[in-house]
Amino acid sequence: MKKDGYVVAVCGATGAVGRVMLEVLAERDFPAAEVIPFASSRSAGSTVEYKGRELTVRELKEDSFAGIDLALFSAGGSTSEKFAPLAAKAGCVVVDNSSAWRMDPGCPLVVPEVNPHDLAWHKGIIANPNCSTIQMVVALKPIHDAAGIRRIVVSTYQAVSGTGQKAIEELANQVQLMFNGRVEEIEPKVYPHRIAFNCLPQIDVFLDNDYTKEEMKMVNETKKIMGDESIRVTATAVRVPVFFGHSEAVNIETAKKLTARDCRALLSQAPGVRVLDNPSERIYPMPIEAQGQDATFVGRIREDETIDNGLNLWVVSDNIRKGAALNAVQIAEKLIEMNLLRVA
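One structure accompanies this document, and this report is about it. (Residues numbered from 1 in each chain as written. Predicted model: local features only at pLDDT ≥ 70, side-chain atom pairs only at ≥ 80, totals over all residues. Heavy atoms only, no water.)

## Focus: the overall build of the chain
Scanning the chain for helices and strands turns up eight helices and 14 strands. Taking 344 residues into account, the globule formula puts the C-alpha radius of gyration at 20 Å, and the chain, at 20 Å, falls close to it. With respect to the three principal axes, the spread of C-alpha positions in the chain is 60 × 55 × 40 Å. Residue burial in the chain is summarised as follows: out of 344 residues, 53% are buried. Sequence-distant contacts, at least 24 apart, represent 67% of the contacts inside the chain between residues at least 6 apart. Taken as a whole, the chain presents about 15,700 Å² of accessible surface, with 48% of it coming from carbon and sulfur. Charge separation in the chain, taken as the distance between the mean sites of 38 positive and 44 negative side-chain charges, equals 2 Å. (Helix = DSSP H or I, 4+ residues; strand = E, 2+ residues; numbered from the N terminus. Rg over C-alpha atoms; globule rule 2.2 N^0.38 Å. Buried < 20%, exposed > 50% of the residue type's maximum accessible area, 1.4 Å probe, protein only. Contact = heavy atoms within 4.5 Å. Areas by Shrake-Rupley, 256 points an atom, 1.4 Å probe, with all protein chains shown as cover. Lys, Arg positive; Asp, Glu negative; His and termini not counted. Charge placed at Lys NZ, Arg CZ, Asp CG, Glu CD.)

Here you go:
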């Protein structure tokens, strides 16, 4: 660390998440003496903006981490698998946004509002959870602490930005073609079917149990983050024609009775949560309101009348900010607060 702050690398700085990582670092005035953007050789030499300045992107190489204190990775799983251990070996602490290290028993999987204590046992690599998992556990952790969650049934409505810039462009291009009466020219490339004015009940590949990889990420990551293997979780993940902001319909069963009114009061005081729940005034969370916001929004809180201790919630968050970039920066801030940024 330099005297005036930490040396921070952003790996994958030219991607959608990487650019927002730079924005969040600047907005939150992270104590960085120097920020160094890295990307692949294709992007090396281009520039990204940080605090009103243009930073030149460097090619990510095996020897890139000398003198770097913190590396925020958002460059894909294969890149993380190769370079994160090299960074940790060089004495740099890695916060990785890919799925590469999430279920590694030697790596903490952290949402700062939920399980910051897990940072204490990091060995140089910390995993940033899946975007859809992050927003759900932010909303559910206070409920679990108060009433004990036994079962979660979640259906997601996930924006195309979760797939990356090419998916954003594919949706925009398909919408334009359809409005101009050129439907026959649509050739899906990012997704297996047309995404414009459609819903795709497939995110990632199908596994042997006929769930998708995305759905099982939510199942397994939720248990790890909440520190409770007894919670039963089932998920259906759907891609929808929305650019930014994931939405989730979450049904839970608790051990103790929690009324909808109690739940609203509880979540109104929860860190990182903003309750928008006034049905009579048609107030509830929507992706268009969550875009660019840090909070996880919760509404449509109501009791499940089919079971004794059931609740329904509607949870919305900006998948690029809280679901990726912001959570990573919050982890870094918590590392500083806990004096854990350097590897012992």
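## Some thoughts on the side chain of H122
Residue placement: H122 occurs in the loop between β7 (93–96) and β8 (125–127). In this structure H122 comes out as buried when scored by relative accessible area, which is 11%. Here the side chain of H122 touches L340 through a polar contact of 2.8 Å, landing on its backbone oxygen. (Polar contact = N/O pair within 3.5 Å; in protein donor to acceptor, adjacent residues only side chain to side chain.)

## What to know about the sheet that holds strand β14 (residues 310–317)
The sheet built from six strands is open, its strands ordered β10-β9-β11-β14-β13-β12 with mixed pairing. Strands with a single pairing partner mark the edges of an open sheet, and in this sheet they are β10 (232–239) and β12 (273–275). The sheet shows a mean angle of 25 degrees between the axes of neighbouring strands, taken without regard to direction. Sheet analysis places strand β9 (residues 149–158) next to β10, joined by eight bridges and oriented parallel. Residue T156 lies in a different strand from β10, and its bridge partner there is A237. Seen against the sheet, helix α5 (residues 213–226) touches β9, β10 and β11 (246–254) and runs at an angle of roughly 145 degrees to β10. (Pairing = 2+ DSSP bridges. Axes fitted to C-alpha atoms, helices over the stretch in contact; angles between N-to-C directions.)

## Some thoughts on the pattern of salt bridges
In the structure shown here, the tally under the stated rule is 14 salt bridges. Between R28 and D294 there is a salt bridge, with the nearest N and O atoms lying 4.0 Å from each other. Residue R28 is found in the loop between α1 (16–27) and β2 (32–39), and its partner D294 is found in the loop between α7 (287–290) and β13 (296–303); the two are separated by 266 residues along the sequence. With relative accessibility at 33%, the residue D294 sits in the partly exposed group. (Salt bridge = Lys/Arg side-chain N within 4 Å of Asp/Glu carboxyl O.)

## Side note on the nonpolar core
Ranked by size, the top nonpolar core spans 55 residues in total, and within it F65, L140, I143, I152, I252, L267 and L313 carry the most contacts. Apart from the residues within four sequence positions on either side, L267 is in contact with A139, P142, I143, V273, V275, V298, I301 and L313. Core analysis: the next-biggest nonpolar cluster, separate from the first, contains 35 residues, V20, Y50, I320 and L326 among them. (Core = buried A, V, L, I, M, F, W, Y, C linked by side-chain atoms within 4.5 Å.)

## What about the layout of surface pockets?
Unoccupied space between atoms shows up once a probe the size of one water molecule is rolled over them. Counted as a void, the largest pocket has a volume near 1,100 Å³. Along its surface, the largest pocket is lined by 41 residues, and N97, S161, G162, T163 and G164 are the ones closest to its centre. At the level of elements, α1, α4 (165–179), α5 and α8 (321–337) are the ones that each hand at least two residues to the lining of the largest pocket. Element by element, the count of residues in the lining of the largest pocket is highest for α1, at four residues. By residue class, the composition of the lining of the largest pocket is 12 nonpolar, 21 polar and eight charged. In this structure, the second largest pocket encloses a volume near 270 Å³. Lining the second largest pocket we find 14 residues, and of these G12, A39, S40, R42 and A75 sit closest to its centre. Broken down by secondary-structure element, the contributors of at least two residues to the lining of the second largest pocket are β2 and α2 (77–89). Grouping the constituent residues of the lining of the second largest pocket by class yields six nonpolar, seven polar and one charged. (1 Å grid on protein atoms, 1.4 Å probe; cavity = no way out; pocket = protein on both sides within 12 Å on 5 of 7 lines; lining within 4 Å. Points joined across faces, edges and corners; volume = space filled by probe spheres on them. Nonpolar A, V, L, I, M, F, W, Y, C, P; charged D, E, K, R; others polar.)

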